[in-house]
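Chain residues, written in single-letter form:
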Amino acid sequence: MKIVVVSAGLSTPSSTRLLADRLSAAVREHVDTELEVIELRELATEIARHFVTGFPPARLAAALDAVAAADGLIAVTPVFAGSYSGLFKSFFDLIDKDSLTGKPVLLGATGGTARHSLVTEHALRPLFTYLRALVLPTAVYAASEDWGDEGLARRIARAGAELARFTGPSLGGAAPVTDPDGAATAPDVDTAAAIAPPRSRTGAITSVDPADGFAVLPFEQRLAALRV
């Protein structure tokens, strides 16, 4: 099992990368996984070249392939002008339109003020919903004053547990959320029932109702049910 982390931070050290690392660690609290980190600032020239030539250089092609092959994705961006950064958007503009279909995605963003805390909802979530990703309920925004705060630590722990549920050995299993003091608490919702059902490896829609035994339903049947 593999999780790819996409960080769009531009500085070194970067608060965006720090948030990405903490989210990754939170996932590993619940499931053993291989991690690959993609630093977009190292690919900025290749991304621009791809837009001009239509062909990705080798490093960029490897990064795009890694995202497509991952079992789960952590995507973190700094806030620029009230939204995701241009570098972040440019990278995901190059992703094949079907690469993220049904893939669990954990969203994160960093900014200098809490006024941008809804960027994950009005900018990031619509972007990945358009790409047909399985966007997890808890997105994590970290303002400058949040670092060291217990509230941020709890949000990171909850988000990591949610991603672990969809990338761990048991898709529907409820991984516990761990508070900063190490105490385990029951998750406030069943993530599998709270968000859109994931796609199976065959491309069909998998039921998340335990009574159905996680039956695989044809996409056409699922779509027809939504129209009723």
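In what follows, the structure referred to is the one given above.
Residues numbered from 1 in each chain as written. Predicted model: local features only at pLDDT ≥ 70, side-chain atom pairs only at ≥ 80, totals over all residues. Heavy atoms only, no water.

**Q** A description of the pattern of salt bridges should follow, citing residues and the corresponding values.
**A** For the structure on display, the rule yields 10 salt bridges. In this structure, the salt-bridge partner of Asp21 is Arg17, at a minimum N-O distance of 2.9 Å. Here Asp21 pairs with Arg17, and both are found in helix H1 (residues 15-28), just four residues apart, close to one helical turn. Among the residues examined, Asp21 registers a relative accessible area of 34% and is labelled partly exposed. Given the relative accessible area of 27%, Arg17 is considered partly exposed. The salt bridge partner of Asp98 is Arg132, with a shortest N-O separation of 2.5 Å. Separated by 34 residues along the polypeptide, Asp98 in the loop between helix H4 (86-93) and strand E5 (104-111) and Arg132 in the loop between helix H5 (119-130) and strand E6 (134-135) bring together distant segments of the chain. On the basis of relative accessible area, Asp98 is assigned to the partly exposed category, the value being 39%. (Salt bridge = Lys/Arg side-chain N within 4 Å of Asp/Glu carboxyl O. Helix = DSSP H or I, 4+ residues; strand = E, 2+ residues; numbered from the N terminus. Buried < 20%, exposed > 50% of the residue type's maximum accessible area, 1.4 Å probe, protein only.)

**Q** Give me the lowdown on the nonpolar core, citing residues and values where you can.
**A** With 37 residues, the main nonpolar core has Phe91, Phe92 and Phe128 as its most contacted residues. At the level of elements, strand E1 (2-7), helix H3 (58-69), strand E3 (72-80), H4, E5, H5 and strand E7 (140-143) are the ones that each hand at least two residues to this core. Apart from the residues lying within four places of it in its own chain, the contact partners of Phe128 are Leu73, Ala75, Phe88, Phe92, Leu100, Val105, Leu107, Ala133 and Val135. (Core = buried A, V, L, I, M, F, W, Y, C linked by side-chain atoms within 4.5 Å. Contact = heavy atoms within 4.5 Å.)

**Q** Residue-level account of the packing of helix H2 (residues 44-53) against H3, with values.
**A** Across the interface, H2 lies against H3 with an axial gap of 9 Å and an inter-helix angle of 90°. For the element pair H2 / H3, the angle class is roughly perpendicular. In this structure, H2 contributes Glu46, Ile47 and His50 to the contact, and H3 contributes Arg59, Leu60 and Leu64. For the contact of H2 with H3, the residue count by class is three nonpolar, one polar and two charged. (Axes fitted to C-alpha atoms, helices over the stretch in contact; angles between N-to-C directions. Parallel < 35°, antiparallel > 145°, perpendicular 65-115°, else oblique. Nonpolar A, V, L, I, M, F, W, Y, C, P; charged D, E, K, R; others polar.)

**Q** Give me the lowdown on the side chain of Thr138, citing residues and values where you can.
**A** Here Thr138 lies in the loop between E6 and E7. In this structure Thr138 comes out as buried when scored by relative accessible area, which is 14%. Polar contacts involving the side chain of Thr138 include one to the side chain of Glu162, which spans 2.8 Å. (Polar contact = N/O pair within 3.5 Å; in protein donor to acceptor, adjacent residues only side chain to side chain.)

**Q** Which residues make up the environment of Val67, and what values go with them?
**A** Here Val67 is to be found in helix H3. Residue Val67 is classed as buried on the basis of its relative accessible area of 0%. Through-space distance from the C-alpha of Val67 to that of Asp96 is 10.0 Å; in sequence the pair is 29 residues apart. Ignoring any residue separated from it by four or fewer positions in sequence, one finds Val67 in contact with Val4, Val6, Ile38, Leu73, Phe91, Ile95, Leu100 and Lys103.

**Q** Quick rundown of the environment of Ala48? Include the residues and the values.
**A** Mapped onto the fold, Ala48 is located in helix H2. The class for Ala48 is partly exposed, based on a relative accessible area of 43%. Sequence separation between Ala48 and Phe91 is 43 residues, and the spatial gap between their C-alpha atoms is 9.4 Å.

**Q** Any details on the packing of aromatic side chains? Residues and values, ideally.
**A** The full count for this structure, using the stated rule, is five aromatic pairs. For the pair Phe88 and Phe128, a centre-to-centre distance of 6.2 Å together with 65° between the ring planes defines the contact as edge-to-face. With Phe88 in helix H4 and Phe128 in helix H5, this residue pair connects regions lying 40 residues apart in the sequence. Assigned by exposure class, Phe88 and Phe128 land together as buried. (Phe/Tyr/Trp six-rings, centres within 6.5 Å; stacked < 30°, edge-to-face > 60°.)

**Q** Break down the pairing of strand E2 (residues 34-39) for me, with residues and values.
**A** In this structure, E1 lies alongside E2, joined through six bridges in parallel fashion. Counted as the bridge partner of Lys2 is Glu34 from E2. Read as a crossover between parallel neighbours, the route from E1 over H1 to E2 is right-handed. (Pairing = 2+ DSSP bridges. Right-handed = clockwise from strand over helix to strand, strands pointing away.)

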